[in-house]
Amino acid sequence: MFSFDDRVVFTIDPRLTHQVLTATNHDYVTELAPFAGSSALHAAGEMIGPWMRARRVVRPALGDAAASGLDGRIVAILDAVLDRTAGRDVDVLPVMLDFAGQAVAELCLGEDAAGIPELLAANHAALLPFEDADYQLPAWVPSPRNRRFVRVHRRTVETLTRLVSARRAEPTRRPHRDLLDVLLSAHPAMTDKSVTSTLWSVLVGGHGIPAAALTSIVRELAIRPRLASDLAAEAGPPAGTEPYARLPLAEAVVKETLRLSPPAWMMTRVACTAVTLGEWRLRPGDEVLCTPYLIHRDPRWWSQPDVFDPARWETARPAPGTYLPFGSGSRYCLGAAVAMRQLTLATSRIAQRFHLHAPNAVAAEPAFCGRLAPAGLRAEFRSVPFGL
Ligand code: HEM
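Residues numbered from 1 in each chain as written. Predicted model: local features only at pLDDT ≥ 70, side-chain atom pairs only at ≥ 80, totals over all residues.

**Student:** If you had to explain the sheet that holds strand β8 (residues 287–290) to someone new, which residues and values would you point to?
**Tutor:** Spatially, five strands are ordered β1-β2-β8-β5-β3 in an open sheet, and the strand pairing comes out mixed. Edge positions in the sheet fall to β1 (2–3) and β3 (28–30), since each of these pairs with one other strand and no more. Taken together, the two bridges between β1 and strand β2 (residues 8–11) define a ladder with antiparallel strand orientation. What sits directly across from Ser3, in β2, is Val9. Sheet strands in contact with helix α1 (residues 14–22) are β2, β3, β5 (267–271) and β8, and its direction is about 120° off that of β8. (Pairing = 2+ DSSP bridges. Helix = DSSP H or I, 4+ residues; strand = E, 2+ residues; numbered from the N terminus. Contact = placed C-beta atoms within 7 Å. Axes fitted to C-alpha atoms, helices over the stretch in contact; angles between N-to-C directions.)

**Student:** I'd like a rundown of the site of the ligand, residues and numbers included.
**Tutor:** Around the ligand, a shell composed of 26 residues is seen, among which Gly205, Gly206, Gly327, Cys333 and Gly335 lie nearest. Breaking the shell around the ligand down by element, the ones donating at least two residues are α5 (92–109), α9 (192–205), α10 (208–223) and α14 (336–353). Partitioned by chemical class, the residues of the shell around the ligand number 18 nonpolar, six polar and two charged. (Near = placed C-beta within 6 Å. Nonpolar A, V, L, I, M, F, W, Y, C, P; charged D, E, K, R; others polar.)

**Student:** Mind laying out unusual backbone geometry, listing which residues take part and the relevant values?
**Tutor:** That bond from His187 to Pro188 is cis: its omega, -5°, falls within 30 degrees of zero. Note on placement: Pro188 falls in the loop between α8 (179–184) and α9. Positive phi, close to 90°, is recorded for Asn25, a residue that is not glycine. Looking at where Asn25 falls in the secondary structure, it is placed in the loop between α1 and β3. The backbone of Gln304 sits at a positive phi, close to 40°, despite the residue not being glycine. Inspection of the secondary structure assignment puts Gln304 in the loop between α13 (292–296) and α14. For Gln304, a count of 9 C-beta atoms within 10 Å puts it in the exposed group. (Buried ≥ 20, exposed ≤ 12 C-beta atoms within 10 Å, placed from the backbone.)

Set out below in structure tokens:
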């Protein structure tokens, strides 16, 4: 553990990191929202109960069995998004944001998903200036970025509230086709407000982070044509798609990319009580920064940690706290199973259908801004002629 100032400590120790993540909701709360004021710690504590109840409703709907129903749609959405680039040189991250936005909108809202990817994109753009900023003005200051954030946020809440109440008002309860159906039939019933905020948390969780991961995967494939052709061979001929279970190399590539470039490279916790961590005594309000990026590259836990080696996943069984792309403990990523499926299918499909031409791939090193993703990666997705 180390610290640069009075109120913030970093931990790069897997045991202590695991301890912090498992004590979250008791001794710690997760990062406070933008514009959280002095009562934020108390407010964050109040949110824990309702959120954990919502988590219990959401979890089965985002499990592997439920997610597998969307495999065909995931591939179709990816195909459409990449075909639209028509072999042009494109900025990869916005393309992957488009893909992830459509995929998660469909998972959450099924046939009512129209307009949601655009809303996610607008939110993403409105939040970027905050992630890159050294300072934050209070919410009441009408700065351009504050006004934009508030405007987009209001539009988001209005849109989702409208969708939730329209679905609630439908005369017959239908079989579950998306997450909104699941939330509306929860027992005990959830309020519209709670359904709306839960939907929004899942939509946001399934947008920027998976898009960052997929951008890093594209970079790894562009740098390694040999690996890309091994993946294409695993995927089979371009006309079809192998089922998820038969893509062990693609899955290993996803795991290895998440090890070297975890999009959530740092997780923040705020102590909500006086607590001891290792040799440190923390006061309420002190922050602990857990850093998967550093733990994943530590030679004490990983052999040749800086080498990109998907083959290590044939035998790797990471000890608790040493592999944390999806976090750990009570706030473990709700979309981990969905994400692994989605990214594995997408990795395989990209290698199967395209030759990647990305001259700046080596130079586009991961940037530590908000999510970890290769800065300014550009690529042409050149279709592989059928039969080759
Ligand atoms: C590569 C893909 C993904 C990665 C690496 C990832 C990573 C993470 C991490 C590290 C956390 C915990 C943050 C913390 O403890 O502070 C988290 C939380 C969360 N993720 Fe993901 N995620 C991914 C995809 C998804 C997807 C596809 C969804 C939705 C379908 C999703 C929904 C969520 C939600 C709702 C939370 C909040 C959980 C809570 O606070 O209780 N994630 N994710």
